[in-house]
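Spelled out, the chains give:
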Amino acid sequence: MTDVWGDARPTRRRLLLDVGTAVVFALMMFAIHVGQGILPALAAVVLGLALAVRHVSWQVMSVLAFVAAWMQVLGPDIAYLANAAYAACFFTLGAHREERVRRFGLLAAGVAVLGASAYGRVTAGGELGLLGGWVTAVGLGSVAALFVFGGWVAGFLRWQARQTLQARIDGQIEAVERRRVTELYDIEQERRRIAADMHDVVAHSWAVVAAQSDGARYALRDSPADAERALEVIGETARTAMGDLRTIVARLRDPGLQPSTPGHAQQATLVERMRTSGMDLRLVETGTPDESPLVALTAYRLLGESLTNALKHGDLTRPVEVQVDWTDGYRLRVTNSFRIPTVGAPGGGHGLVGMSERAHVAGGTFSAGPDGHLWVVEAGLPAHPPMDPSPDPSTRRDGARGA
């Protein structure tokens, strides 16, 4: 807990003020009570010393206050005016931050009242009789209670007020720290999302470019038209990739930017590009696509990364089968043969990690791995995905935070 009071150790200014006040109090009370006798006057001085050290050591203060009380009991009279210092002493005990000190102060206050009553009963009983002794005991005990219990209660109320304010300030500090941690979490999630987007754009584009450039090189002499078409696909893919990269850079510069979200409408372009790259892509799609931007984006990215892996690592002499089911949420299954059985399959790189993160952000599931001579990717998204966890609506750009 943060100490907003800063009084765990008294400052030099506080000590000088306490000492100065104690000196003035001791001189005045000594002058007033010296006529009653030396012990009452010295008791007043001892009480002044207790006031001087009350913010330094409550133990020393308590001992001095106890010594002053015994000096008055043993002396000819009581230093009535000087005893007002007990109110300040018990105020210090009641306002102390440690519970054991506050309990000690309350117990000491009770003992002080009983001691004052007993002193009045004993000293006045012989002169005023039984009734007069009890009246004096009650009167002296009441005055003592006013000083010691009154001082302790005032100190305790001050401690409670401080605790209330302390709790309010601690709550505000905790809220600020919670917001800071949330912002750091959002920044980390944004960094991961941008990294996933960069991977999707670069990996997909360069996989298509590599496949098309190889095809153009082989077809350049025998089939110039096919080579020309391959070069067109390379140019189109490169332009699309540059546009996507410009969008990512723009989001880095302007966090409030809300670019268009790729989704089902771009799926046909993706499929056509893969088929042009030499992939025998067999797509079976059922149901009506979900209108959720998060589901649409995640479905597009999952399909794009799956086909990119098939293009890079798969055997393109065999068909790539894609099954998309929109009847209950989104279900994707992509199967393709390895280029060399059990060799060349996509390992634990950034692509599979990014696909898994995207599916989990949308509340879905993801799995990818070999099944005999096939590589199988399966993903599922619920019909009603969770909302974007970002607290700031301006940061909900494509609904795939952390992907």
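Residues numbered from 1 in each chain as written. Predicted model: local features only at pLDDT ≥ 70, side-chain atom pairs only at ≥ 80, totals over all residues. Heavy atoms only, no water.

### As for the packing of aromatic side chains
With the rule as written, the count across this model stands at five aromatic pairs. Arranged with centres 4.6 Å apart and planes meeting at 55 degrees, the rings of W326 and Y330 form a pair that is tilted. A relative accessible area of 1% places Y330 in the buried class. Among the aromatic residues, those joined into a cluster by ring pairs are W152, F156 and W159. Geometry around W159 places R102 over its ring, the cationic atom sitting 3.7 Å from the centre. (Phe/Tyr/Trp six-rings, centres within 6.5 Å; stacked < 30°, edge-to-face > 60°. Buried < 20%, exposed > 50% of the residue type's maximum accessible area, 1.4 Å probe, protein only. Lys NZ or Arg CZ within 6 Å of the ring centre and 35° of its normal.)

### Things to note about the sheet that holds strand β2 (residues 320–325)
Strand order in the open sheet made by the five strands is β1-β2-β3-β5-β4, with mixed pairing throughout. Because the sheet does not close on itself, it has two edges, and the strands there are β1 (281–286) and β4 (365–371). Within this sheet the neighbouring strands show an average axis-to-axis angle of 10 degrees, counted without direction. Of the pairings in the sheet, the one linking β2 to strand β3 (residues 330–337) comprises five bridges and is antiparallel in character. Paired with V324 across the two strands is L332, which belongs to β3. Here helix α8 (residues 293–313) sits on the sheet in contact with β1, β2, β3, β4 and β5 (374–381), set at roughly 5 degrees to β3. (Pairing = 2+ DSSP bridges. Helix = DSSP H or I, 4+ residues; strand = E, 2+ residues; numbered from the N terminus. Axes fitted to C-alpha atoms, helices over the stretch in contact; angles between N-to-C directions. Contact = heavy atoms within 4.5 Å.)

### A look at the packing of helix α1 (residues 12–33) against helix α2 (residues 38–52)
Angle between the axes and distance between the axes: these two values describe a pair of packed helices. Close contact between α1 and α2 brings their axes to 8 Å; oriented N to C, the two are set at 170 degrees. Our classification of the angle between α1 and α2 gives roughly antiparallel. Residues D18, V19, A22, F25, A26, M29, F30 and H33 of α1 lie in contact with α2, whose contacting residues are P40, A41, A44, V45, L47, G48, L51 and A52. Within the contact of α1 with α2, the residues separate by chemical class into 13 nonpolar, two polar and one charged. (Parallel < 35°, antiparallel > 145°, perpendicular 65-115°, else oblique. Nonpolar A, V, L, I, M, F, W, Y, C, P; charged D, E, K, R; others polar.)

### Some remarks on the confidence of the model for the protein
Looking at the protein as a whole, the pLDDT averages 80, with 84% of positions reaching at least 70. The low-confidence segment residues 341–345, where pLDDT is below 50, has five contacts with residues more than four positions distant or belonging to other chains. Confidence over residues 388–403 falls short of pLDDT 50; this stretch has 50 contacts with residues more than four positions distant or in other chains. (pLDDT = per-residue confidence, 0-100.)

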